[in-house]
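This is what each chain is made of:
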Amino acid sequence: MKSRFTFLLVGLVLAAMPFAVAQQTGGLRLPKTVEAGSAFSIQSTGSGKAVLYIVGTGQVLRRNVQLGETTFFAPADLHNAGHYLAALVEGSSTETGAFDVIAAHQPAALSFLAKPSRLAVDLHDGISGVVYVFDIFRNLILAPTQVSFQLSGVTRSVQMRTVLTHNGVAWTKMNSAAKEGVAQFVARVGDVASTRVIQQVPGNPCHLRMSARPSGQRLAVETEPVRDCSGNALSDGTIVTFTETYTGGESTVDVPLKRGVARTDMPAYSGARISVATGVFIGNEILWRKER
Amino acid sequence: MKRPLFIVCSLFAAIFALGSDPPAVRVEPTDSVGPRPLEKQTETAVIRDYLQAWRSLSGAFEQNRADLLDQDFTGAAKEKLADTIQEQVKLGIHTRYRDSAHDLRLVFYSPEELSVQLVDTVEYDMQILDGQKVQTTQHVRARYVAVLTPTEVRWKVRVFQAEPE
Amino acid sequence: MNTGRLLAIVIAAVTVALIVVGTVWPVPSAIAMAGSGSNLLRPSSSPQAAVQNLANEIGRQDWEKAYSSLANKNEFTELEFVHDLTGSYPSLRTYATLDSYDLRPLHASADEAQVQLKLRWSTVVGAFLDTRDLRVVRTGDRWGVCWPIVKEPRVPPQVIPVTYLRWDVIYRGTEDDWGSQDVEAPHVRIVDMHPVDRSRGVVIMGELLNEDVVPAFVIVRATLLAKNGSAIATEGSFDKISHVLLPKQVTPFLIEFHDVALSGVDSVLMEPSASLIAASADPVIGIEDQHFNAAPGASLSGKLVNQSGQVVTVAHVLGTFYDKNGQLVWVADQYVDRALLPQTPVSFAMALPADIAGKVSSERAITTTYSSGRFQ
């Protein structure tokens, strides 16, 4: 009787042991890394019901799971790259683990910073381009990726650079062309491209000459077409200052270029000295003497 | 037995609730940052604003208030963090992040001064609360890649992403 | 009764007394401001009284009364009289109010007198003075002012094509992604900077160049730094600058710091800032017959000639003064109170301090303009 009772008791204890072990030590089998947006699964051991938390700054998930079964996660359930903590909570016991979600390998978007959007012609390394490469879920692709930069403009010449990203970023510098005009600056990664427009404008004037002729009671002064050192005509609207100095006084006029030249009328004083300037660049001088 | 355990748990919770000491910060030399040389003032400002961003993140995730991210985050980083907070709200959970150490390395300063990239090996304590119940507390070490861009008064985090170590 | 209560009663009583005095015996300029009607005016029984009454009526903009009191009103119409004082085209005069006036008898006989009237007009950009030497004549027992009318020239009706360049700006939107292109801000550069000590404090003068191909809206701020690197004060150029700079245009600027000594300043941080602005290359203003007048009463005078077709409402003239080494010694400015009509010269004279005048060897003037009804 006593031995029967003891056997029954031991049997009951042995039968309950697996249940007791599962509650205390439900295990987690996690992938080490998951590509963003792809399906994955998490396995647990034991039996019974538990709650699985997947928590990170990128996303938060919670599932009610059955211990001992595999929990499947559909594609795009977890799509933000980052470091995640997985916690399996069953009653008062918790199992934890960690895994990383990495960016998808296929580039889908570029952030292309191209500066400046307007600069003078003929500047060595005057244009900079920086590209950050992202996947479809806006995760920075940290794996080295080839980026090609191309600058093409009014002249036939094309500048090209190919750069490998480092920590998701690639950069380059390009020269501005000798001729003014609009250039296209393109950054390309695989099938993804981004374009910026770079305006190349004339540089400082290299040649500023004016002439003067009588115009009724006054003097008509006019510049030759004003050009920079590469031969580009200065933009219309650029201010040219004419100054006339004579005994007892001075006259000045700020005149904008129109169709490449600046012209105006000034008082005609015999013996007057007329000069021309634009910005800090000074042109020629004329000594005006009235013909008798 | 139960009483000392209760006391230890309460102490731990108190540390989380009341906040901890400022994190230990180590910044590696920036001599090799390129392509643009990094001025000391810019370096100081970037690091200051990045660490401030961690404080904002901590407050936002603990209180489930995405508006607390506005000051220090922008663009995709802000949207993703705000979405995570929304998910927390739906699930009725919140998380506590307490950063205790940062090992910072500035790796890129763009030529036009419009972005700075840094890598941060950070250690933090993470606590998951479901309702009012603490489900777990873990000490985490992770490597974050962050890109900061300048705004009118500060540098804001535009990309904030952990990568495998 | 305690001291505080006694003091309060005394102050209240003095205040009431002064109000009564001011109401019963107002000063002439107060009458002009109050617009209180003829019962407070003295009859024109003397030349000074006649001029005072006229000035008060001008201050109240009671044009009908002012015109009817004139002794020579048969020489011009009421409208011409009004336009003499307020301008026939919108100008600073149109938006000015009479702040105060002074009169000074010059000469008097039994039937005729000369009185100088200085009208001080107040505008948003400062005050300007209009001085008239008035002939006052006696008719019976009444004196009347002969107003020295200044008739504004009329521009004949015509069509004037404007073909100068105009710039407009389209900015990126707030929804545009990071990295999306935006229009580049204009590049400006300080080409000259000179701090000087003055009696009131420190003055920073300089010149700013727009070296870009697009127009710029510019401001300049300066911060004085002490030897320990701390900021002493920060000020801006306010209106001592031409804010709109066309490509390759140079403007002077002047920044004043009050109650600061240059000896305490270790360095100056200059912060020019430029932003894109829609602008027009028109109007073109010629500055003719510029003449530097030495002290006493040192000034740069000249004439502004509007070479374009649109009427300029407000013209602001800025003068840059250099010594014999070409170094900048002063920046002065003046707002012209009359509209600039096409091809019609308008005089200006901007004053400069007497101690600076002795150093001036050359000068340069520029104008900046505002036309009502146009963006720029």
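All values derive from a computational prediction rather than experimental measurement. (Residues numbered from 1 in each chain as written. Chains lettered and ligands numbered in written order. Predicted model: local features only at pLDDT ≥ 70, side-chain atom pairs only at ≥ 80, totals over all residues. Heavy atoms only, no water.)

K.L.:
Give a detailed account of the overall build of chain B, specifying residues and quantitative values.
P.N.:
Of the regular secondary structure elements, chain B holds three helices and six strands. Each helix (α) and strand (β) of chain B, taken in turn from the N terminus, gives the series α-β-β-α-α-β-β-β-β. A buried classification covers 50% of the 165 residues belonging to chain B. Looking at chain B as shown, the accessible area adds up to about 8000 Å², and 53% of this sits on carbon and sulfur atoms. (Helix = DSSP H or I, 4+ residues; strand = E, 2+ residues; numbered from the N terminus. Buried < 20%, exposed > 50% of the residue type's maximum accessible area, 1.4 Å probe, protein only. Areas by Shrake-Rupley, 256 points an atom, 1.4 Å probe, with all protein chains shown as cover.)

K.L.:
Residues and numbers for the sheet that holds strand 4 (residues 142-146) of chain C, please.
P.N.:
Residues and elements named next belong to chain C. Taking strand neighbours across the sheet as the criterion, the four strands line up as 1-2-3-4 in an open arrangement whose pairing is antiparallel. Either end of the sheet is taken by a strand with one partner, and the two such strands are strand 1 (97-108) and strand 4. Neighbouring strand axes in the sheet, compared pairwise and without regard to direction, differ in orientation by 30° on average. For strand 1 and strand 2 (residues 112-123), the ladder comprises 10 bridges, and the chain directions are antiparallel. When the sheet's bridge partners are listed, Leu-103 is paired in strand 2 with Leu-117. (Pairing = 2+ DSSP bridges. Axes fitted to C-alpha atoms, helices over the stretch in contact; angles between N-to-C directions.)

K.L.:
Pulling in residues and values, what's your account of empty space enclosed by the protein?
P.N.:
As enumerated under the stated definition, the model contains four cavities of 30 Å³ or more in all. Approximately 150 Å³ is the volume found for the largest cavity. Around the largest cavity, the lining comprises 17 residues; the ones closest to its centre are Ala-81 of chain A together with Ala-77, Lys-80, Phe-160 and Gln-161 of chain B. Taken together, the elements giving at least two residues each to the lining of the largest cavity come down to strand 7 (82-90) of chain A together with helix 3 (75-91) and strand 6 (155-163) of chain B. Here the lining of the largest cavity gets five residues from one element, more than from any other, and that element is strand 6 of chain B. Classifying every residue of the lining of the largest cavity gives eight nonpolar, six polar and three charged. (1 Å grid on protein atoms, 1.4 Å probe; cavity = no way out; pocket = protein on both sides within 12 Å on 5 of 7 lines; lining within 4 Å. Points joined across faces, edges and corners; volume = space filled by probe spheres on them. Nonpolar A, V, L, I, M, F, W, Y, C, P; charged D, E, K, R; others polar.)

K.L.:
How would you sum up the packing of aromatic side chains? Please name residues and give values.
P.N.:
The description of an aromatic ring pair uses the distance of the two centres, along with the angle that the planes make with each other. All names here are of chain A. Taken as a whole and judged by the stated rule, the model has 21 aromatic pairs over all chains. Between Phe-112 and Phe-149, the aromatic rings sit 6.1 Å apart at their centres with planes inclined by 50°, giving tilted as the arrangement. A residue pair is termed long-range when its members are at least 10 positions apart, and Phe-112 in strand 9 (residues 109-115) and Phe-149 in strand 12 (residues 146-152) qualify at 37 residues. Of the two residues, Phe-112 and Phe-149, neither departs from the other in class, the shared state being buried. (Phe/Tyr/Trp six-rings, centres within 6.5 Å; stacked < 30°, edge-to-face > 60°.)

K.L.:
Give me the interface of chain C and chain A: which residues, what numbers.
P.N.:
At the interface, 39 residues of chain C touch 39 residues of chain A. Together, the buried faces of chain C and chain A total about 3000 Å²; carbon and sulfur atoms form 49% of this surface. Between the two partners, chain C and chain A, sit three salt bridges. Linking Glu-184 of chain C and Lys-115 of chain A is a salt bridge whose minimum nitrogen-to-oxygen distance equals 3.9 Å. Where chain C packs against chain A, one counts 17 residue pairs in polar contact (both at pLDDT 80 or more). Looking at the side of chain C that touches chain A, the elements with two or more residues in it are strand 6 (188-198), strand 14 (285-293) and strand 19 (362-370) of chain C. For the side of chain C that touches chain A, the element with the highest residue contribution is strand 14 of chain C, accounting for seven residues. (Contact = heavy atoms within 4.5 Å. Buried area = accessible area lost by both parts, 1.4 Å probe. Salt bridge = Lys/Arg side-chain N within 4 Å of Asp/Glu carboxyl O. Polar contact = N/O pair within 3.5 Å; in protein donor to acceptor, adjacent residues only side chain to side chain.)

K.L.:
Residue-level account of the state of the cysteines, with values.
P.N.:
Residue and element names in this part refer to chain A. Within this structure, the stated rule accounts for one disulfide over all chains. Here Cys-206 engages in a disulfide with Cys-229; their sulfurs sit 2.2 Å apart. Of note, the bridge from Cys-206 to Cys-229 carries an S-S torsion of about 90° and is right-handed in sense. Taken together, the residues span a long stretch of sequence, with Cys-206 in strand 17 (residues 205-207) and Cys-229 in the loop between strand 20 (227-228) and strand 21 (239-246) at a distance of 23 residues. Owing to a relative accessible area of 39%, Cys-206 belongs among the partly exposed residues under this scheme. Look at Cys-229 and you get exposed, because its relative accessible area is 60%. (Disulfide = S-S within 2.5 Å.)

K.L.:
A description of unusual backbone geometry should follow, citing residues and the corresponding values.
P.N.:
Cis geometry is found at the peptide bond from Asp-282 of chain C to Pro-283 of chain C, where omega equals 5°. One can find Pro-283 of chain C in the loop between strand 13 (279-280) and strand 14. Residue Ala-295 of chain C is joined to Pro-296 of chain C through a cis peptide bond whose omega torsion reads 0°. Relative to the helices and strands, Pro-296 of chain C is located in the loop between strand 14 and strand 15 (299-306). Its identity as a non-glycine residue notwithstanding, Asp-122 of chain A has a phi of 60°, on the positive side.

K.L.:
Please provide a residue-by-residue account of the confidence of the model for chain B, values included.
P.N.:
Of all residues in chain B, 88% have pLDDT values of 70 or greater, and the mean over the chain is 89. For this predicted complex, the interface confidence reaches an ipTM of 0.88, while the overall pTM sits at 0.75. (pLDDT = per-residue confidence, 0-100.)

K.L.:
Any chance you could break down the interface of chain A and chain B for me, citing the residues and the numbers?
P.N.:
Each partner contributes to the interface: chain A provides 39 residues, whereas chain B provides 43 residues. When chain A packs against chain B, the two sides together hide about 3300 Å² of surface, and 62% of this comes from carbon and sulfur. Broken down residue by residue, the surface that chain A buries against chain B is led by Thr-57, Val-60 and Arg-138 of chain A, which jointly contribute 20%. Inspection of the region where chain A meets chain B yields two salt bridges. Note that Asp-130 of chain B and Arg-62 of chain A form a salt bridge whose closest N and O atoms lie 2.8 Å from each other. Our count for the contact surface shared by chain A and chain B stands at 19 residue pairs in polar contact (both at pLDDT 80 or more). Among the elements of the structure, strand 4 (49-55), strand 5 (60-66), strand 7, strand 8 (93-102), strand 9, strand 11 (127-134) and strand 14 (169-174) of chain A are those that each provide at least two residues to the side of chain A that touches chain B.

K.L.:
With reference to specific residues and values, describe the domain arrangement of chain A.
P.N.:
Residue and element names in this part refer to chain A. On domain assignment, one finds that chain A holds domain 1 (2-102), domain 2 (109-201) and domain 3 (205-288). The distance between the C-alpha centroids of domain 2 and domain 3 comes to 41 Å. Taken over both partners, the interface formed by domain 2 and domain 3 buries close to 350 Å², and the fraction arising from carbon and sulfur atoms is 28%. Across the domain 2-domain 3 interface, the total number found is zero salt bridges. Here the residues of the side of domain 2 that touches domain 3 sort into two nonpolar, no polar and three charged. (Domains from an automatic or database assignment.)

K.L.:
Explain the pairing of strand 13 (residues 158-164) of chain A residue by residue, including any values.
P.N.:
All names here are of chain A. Alignment of strand 12 against strand 13, held across seven bridges, turns out to be antiparallel. Counted as the bridge partner of Ser-152 is Val-158 from strand 13. Hairpin connection of strand 12 to strand 13: five residues between the antiparallel strands.

K.L.:
Any details on the pattern of salt bridges? Residues and values, ideally.
P.N.:
Working definition: two side chains of opposite charge can pair if their charged atoms are close together. Evaluated as defined, the whole model comprises 41 salt bridges over all chains. Across the pair Arg-218 of chain A and Glu-288 of chain C runs a salt bridge whose closest N-O atoms are separated by 2.5 Å. Taken together, the residues span two chains, with Arg-218 of chain A in strand 19 (residues 218-223) and Glu-288 of chain C in strand 14. The class of Arg-218 of chain A is partly exposed, set by a relative accessible area of 26%. Arg-273 of chain A is the salt-bridge partner of Glu-285 of chain A, the closest N and O atoms lying 3.3 Å from each other. Taken as a pair, Glu-285 of chain A in strand 25 (residues 281-288) and Arg-273 of chain A in strand 24 (residues 272-278) lie far apart in primary sequence, 12 residues in all. In this structure, a network of salt bridges that share partners links the residues Asp-84, Arg-93, Asp-130, Arg-132, Asp-337 and Arg-338 of chain C.

K.L.:
Just give me the short version of the sheet that holds strand 13 of chain A, but keep the residues and values in it.
P.N.:
All names here are of chain A. Pairing in this open sheet of five strands is mixed, and the strands run 10-16-15-12-13 from one edge to the other. In this open sheet, the two edge strands, each paired with only one partner strand, are strand 10 (118-120) and strand 13. With direction set aside, neighbouring strand axes in the sheet form an average angle of 25°. Judged from the five bridges that link them, strand 12 and strand 15 (residues 181-189) form a sheet pairing that is antiparallel. Looking at the pairing, Phe-149 lines up with Ala-187 of strand 15.

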